Amino acid sequence: MQTLRYRSIPLAVMASAMLFLAACGNSGGANNAGGEAANSNAPAANAGNSGASADPVTISFLHWRGEDNAAFEAIIGQFEEAHPGVQVEMQVLPSDQYQQTAQAKLRDGASGDVFASFPGAQFEAIAKGGLYSDLTGAAWLSNFAPALIEAGQKDGKQLAVPYQLVYNMPIYNVKLFEKYGLTPPKDWDGFLAAAEKLKQEGIVPIAFPGADIGPGQFMNTMVMNNAPDLDIFRKVEAGEAKVTEDWWIKTLTQIKELNDKGYFQQDALGTKDQGAGALFAQEKAAILATGSYQLAQNKKNNPALVQGLLAPITVPADQAVYEGIHTTTFLLGVNSASKHPEEAKAFIEFLSGKDVAGQYANATGQNVTVKDVVYASEELKAVAEWTNKKTRFQPRFTLTDTENQKAVVSSIQAVLGGTDPKKAAEDAQAIIDQQLGK
Amino acid sequence: MKAGKRIALFFVPGLTLYAALFLYPTITGFYYSLTNWDGISPSYDFVGLSNYRELTEHIIFRKALVNNVKFMLFVVLVQTGLSLLLALRLARNTKRNVALRALYFVPTVLSSVSVALIWTFVFDPTQGLANGFLSGIGLGSWTQNWLGDTGLAIFSVAAVQAWAHIGQMVILFVAGLQAIPKELIEAARLDGAGALQIFRRVTWPLLAPAAALVVSYTTIQSFKAFDLIFTMTGGGPVYSTEILSTFIYNTAFSSYTFGLASAGSVFFLALIAVITYVQFRVIRADRVAY
């Protein structure tokens, strides 16, 4: 027994040493900012039908869409069938943690050979950290609508491809509007009149999740025509424009007007996403101030709902430049520290096929950036119609500094809490100035 | 091996864990507080004390500090006061008291995220239990926008923090009360002291070690109340519930300024150390003698 114990000591030491060396081997990638170069010798053949003779390769797919698991599992099954020897392991983090934890997982290349990211601040941070492989020139990029993958470009390079197409504009209950003889208003006076009519009929005009996502979503449609300049928030971050100028004060004043006139539900600032969603699904509210990503969930909660998208036009009809807001998100990228970049690219290529993208869209209720996809549900078809309308990229995401984004969104919460729009804008500008002074 | 050396070996596991899980992160945190590391890039520059200078002028950091003090004072006063009152009622080991102590302890074993989610629903202004209950008993004018009012939100979360931990503090106070020799209370009573006098002159001074423990533990706990705030309000509305721990988290993981976040953490560490030291000095926990 004693002998066995002593013999086991060197074995344990050897095992520990091997584990340690293996760990060092993995972490070596962490310091390899230009990991792509090191991996450039990976056999391209592995990406395709390498056959059973090649060593099996497992790539990790890191994202936050837990609700899409079933759809992705089916697609992964098809991919593995088409690419023998390549397996995809899905790793899903909750969306609220994703922004914070994904980068740490990506750095050593052990997770997220293919990974999703949010546009704006997270995309910029990951690009700055050199964690995206360059996808420029890949033939399969032509499967996407060119204008819809711009959010994944930086310095002339295509670092990631947005996969989902979302319209960040309020959803309205079509039947309720018809019942009260209303149509989507074309100007601000029309919007106020429609809201007043709904209020008089005992319906909450706008369910507003002011405690979480509401202000960040609603600000986009509210500001799109007040400041038609696509670069307005970029200019704010560069110190060339200020949120204390008329365009933002007007936006805040109009949001305050909606609140003061009782067009939001009572205590909107304390209502979370689920609470506002419930008001809309129960048809107690006619408009839900979120975005198209909520359509499928609303339909699930109340299958009788007929929904459409509606953007408040904050100016006279003849001055309106934009009809709505779109965001291309779920940016798929290949980790520059990946040991299997070719297989990872092959997986994104597979996802970009119009049939696979259609399968994903119809299974999840999300529109996609891939061209010529056939949508099955009424909601997806209704949203797809917006591709022909004049929309602009979500202005909030053009604020690439999170502190600035938070300051701007907080100014909306402040006016809902009773602060004067001018004072709220000044407070936000003070934080932006502080960030500028860094 | 000499006995002394053999005994010293018993310190190794504890010291190793302490060094790995406390000393190393603390020193590393201080090191990064002197850099401009963004948490992602492989390289960074040394910036000296500029992160600390930036912190002193940082608008949100100042708000977080003020909010944290409000939160801490509310939690310390309410949690300590109520748990002391309950402990005085439940100190005797009767079946009923033991059952009640166990009942009050239940929220402590719940995950704080679960507690936060439950109370978020309770505080919902239109569909929540709190306003529903008040309206139901004819106190509709008392209904509040619990988490949406910038002046009230921090206290609503603080009340939840106190609710969740009062049971734990009751146990500490009961242990302290039961350690007080009965003869002292009886002697005071024979000398003609009333209930209040006995509490002021006998019970409270002898309860000082337990009180110091409760107050310092509650203080540290209220400074670290990250999960409740994160789940219930996310620091909003308008930064009204932003506290130091959420500020550090957001600065590191949302704004990608690890250097500044590390400086905030070092400040946080120093602040808690100072407050705990002052509390022990004020309560004079070390001067108890029978």
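Values in this document were obtained by computation on a predicted structure and should not be read as measured data.

J.: Is there a simple way to think about the overall build of chain B in this case?
T.: The helix and strand tally for chain B stands at 14 helices and zero strands. Order of helices (α) and strands (β) in chain B, N terminus to C terminus: α-α-α-α-α-α-α-α-α-α-α-α-α-α. C-alpha atoms of chain B, sized along the principal axes, occupy 75 × 75 × 30 Å. The proportion of buried residues among the 290 residues of chain B is 43%. Sequence-distant contacts in chain B: of pairs separated by 6 or more residues, those separated by 24 or more amount to 68%. Total accessible area on chain B is roughly 15500 Å²; 69% of this is exposed by carbon and sulfur atoms. When the 20 basic and 12 acidic side-chain charges of chain B are each reduced to a single mean position, those positions are 15 Å apart.

J.: Hey, could you run me through the pairing of strand 11 (residues 324-334) of chain A in this one?
T.: In regular strands, side chains alternate between the two faces of the sheet. Residue and element names in this part refer to chain A. Burial analysis of strand 11 places 11 of its 11 residues in the buried class, the great majority of the element. Two elements, strand 3 (residues 114-117) and strand 11, share four bridges in a ladder whose sense is antiparallel. Directly across from F115, in strand 11, lies its bridge partner G333. Judged from the six bridges that link them, strand 6 (residues 161-167) and strand 11 form a sheet pairing that is antiparallel. If you follow Y167 over to strand 11, its bridge partner there is H326.

J.: Explain the interface of chain A and chain B here, please?
T.: Often, the extent of an interface is quoted as the loss of accessible area upon association of its parts. Opposite the 35 residues of chain A that make contact, chain B presents 34 residues. In this assembly, chain A packs against chain B so that about 2900 Å² is buried in total across both faces, 54% of it on carbon and sulfur atoms. On the chain A side of the interface with chain B, the three residues burying the most area are Q100(A), E403(A) and Q434(A), jointly 19% of the side's total. Linking chain A with chain B are two salt bridges, by the criterion used here. Across the salt bridge formed by K406(A) and E242(B), the nearest N and O atoms sit 3.0 Å from each other. Our enumeration of links across chain A and chain B arrives at 10 residue pairs in polar contact (both at pLDDT 80 or more). Elements with a minimum of two residues in the side of chain A that touches chain B: helix 4 (95-107), helix 5 (121-128), helix 11 (273-281), helix 16 (402-416) and helix 17 (421-436) of chain A.

J.: Just to check I follow, could you spell out helix 3 (residues 69-82) of chain A for this structure?
T.: Note: α-helices contain 3.6 residues per turn, so residues at a spacing of three or four share the same orientation. All names here are of chain A. Between the first and last C-alpha of helix 3 there are 20 Å, a value that for 14 residues agrees with the 20 Å anticipated at 1.5 Å per step. Within helix 3, burial applies to A71, F72, I75, I76 and F79. The arc enclosing the buried residues of helix 3, seen along the axis, measures out at 130 degrees, which places them on a common side. Residues A70, E73 and E81 are exposed on helix 3 and point more than 90 degrees away from its buried face.

J.: Help me understand a nonpolar patch on the surface, please; the structure alone is not making it clear to me.
T.: A grouping of L103(B), V106(B), V109(B), L110(B), I118(B) and W163(B) is seen on the molecular surface, where their side chains present a nonpolar patch of about 550 Å² in accessible area. In this fold, V106(B) is placed in helix 5 (residues 95-109).

J.: Help me understand unusual backbone geometry, please; the structure alone is not making it clear to me.
T.: The phi torsion of most residues other than glycine is negative, and most of the peptide bonds are trans. Cis geometry is adopted by the peptide bond preceding P237(B), which originates at G236(B) and carries an omega value of -5 degrees. Along the polypeptide, P237(B) turns up in the loop between helix 12 (226-232) and helix 13 (244-253). The phi torsion at F330(A) lies on the positive side, around 55 degrees, for a residue other than glycine. Within the fold, F330(A) resides in strand 11. Residue F330(A) is classed as buried on the basis of its relative accessible area, which comes to 0%.

J.: How do you make sense of the domain arrangement of chain A when you look at a structure like this?
T.: All names here are of chain A. Split into domains, chain A comes out as domain 1 (32-166 + 328-380) and domain 2 (171-310 + 401-436). Relative placement of domain 1 and domain 2: their C-alpha centres are 32 Å apart. In this assembly, six residues from domain 1 lie in contact with eight residues from domain 2. Each partner contributes to the roughly 550 Å² buried at the junction of domain 1 and domain 2, and carbon and sulfur atoms together form 54% of this total. Ranking the residues of domain 1 by area buried against domain 2 places A121, V166 and E379 at the top, with a combined share of 73%. At the boundary of domain 1 and domain 2, one finds one salt bridge. Between the two partners, domain 1 and domain 2, sit zero residue pairs in polar contact (both at pLDDT 80 or more).

J.: Hey, could you run me through the UniProt feature "domain: ABC transmembrane type-1" (unreviewed entry) in chain B in this one?
T.: Taken from the UniProt record, the annotation "domain: ABC transmembrane type-1" (unreviewed entry) applies to residues 65-279 of chain B. The span residues 65-279 of chain B is 75% helical and 0% strand by assignment, and the distance between its end C-alpha atoms comes to 19 Å.

J.: Can you walk me through the domain arrangement of chain B in this structure?
T.: What the domain assignment reports for chain B is domain 1 (1-27) and domain 2 (33-113 + 146-287). Centre-to-centre separation of domain 1 of chain B and domain 2 of chain B, based on C-alpha positions: 29 Å.

J.: Is there a simple way to explain the confidence of the model for chain A in this structure?
T.: Residues shown with low pLDDT carry predicted positions that ought not to be read at fine detail. Taken residue by residue, chain A gives an average pLDDT of 87. The fraction at 70 or more is 87%. When the criterion is pLDDT under 50, residues 1-53 of chain A qualifies, and its contacts beyond four places in sequence or with other chains add up to 41 contacts.

Conventions we followed
- Residues numbered from 1 in each chain as written.
- Chains lettered and ligands numbered in written order.
- Predicted model: local features only at pLDDT ≥ 70, side-chain atom pairs only at ≥ 80, totals over all residues.
- Heavy atoms only, no water.
- Helix = DSSP H or I, 4+ residues; strand = E, 2+ residues; numbered from the N terminus.
- Buried < 20%, exposed > 50% of the residue type's maximum accessible area, 1.4 Å probe, protein only.
- Contact = heavy atoms within 4.5 Å.
- Areas by Shrake-Rupley, 256 points an atom, 1.4 Å probe, with all protein chains shown as cover.
- Lys, Arg positive; Asp, Glu negative; His and termini not counted.
- Charge placed at Lys NZ, Arg CZ, Asp CG, Glu CD.
- Pairing = 2+ DSSP bridges.
- Buried area = accessible area lost by both parts, 1.4 Å probe.
- Salt bridge = Lys/Arg side-chain N within 4 Å of Asp/Glu carboxyl O.
- Polar contact = N/O pair within 3.5 Å; in protein donor to acceptor, adjacent residues only side chain to side chain.
- Expected span 1.5 Å × (residues − 1).
- Arc of directions from axis to C-beta.
- Patch = residues over 30% accessible without salt bridge, like charges linked within 9 Å, V, L, I, M, F, W, Y side chains within 5 Å.
- Domains from an automatic or database assignment.
- UniProt positions renumbered as here; feature names shortened; annotations may be inferred.
- pLDDT = per-residue confidence, 0-100.

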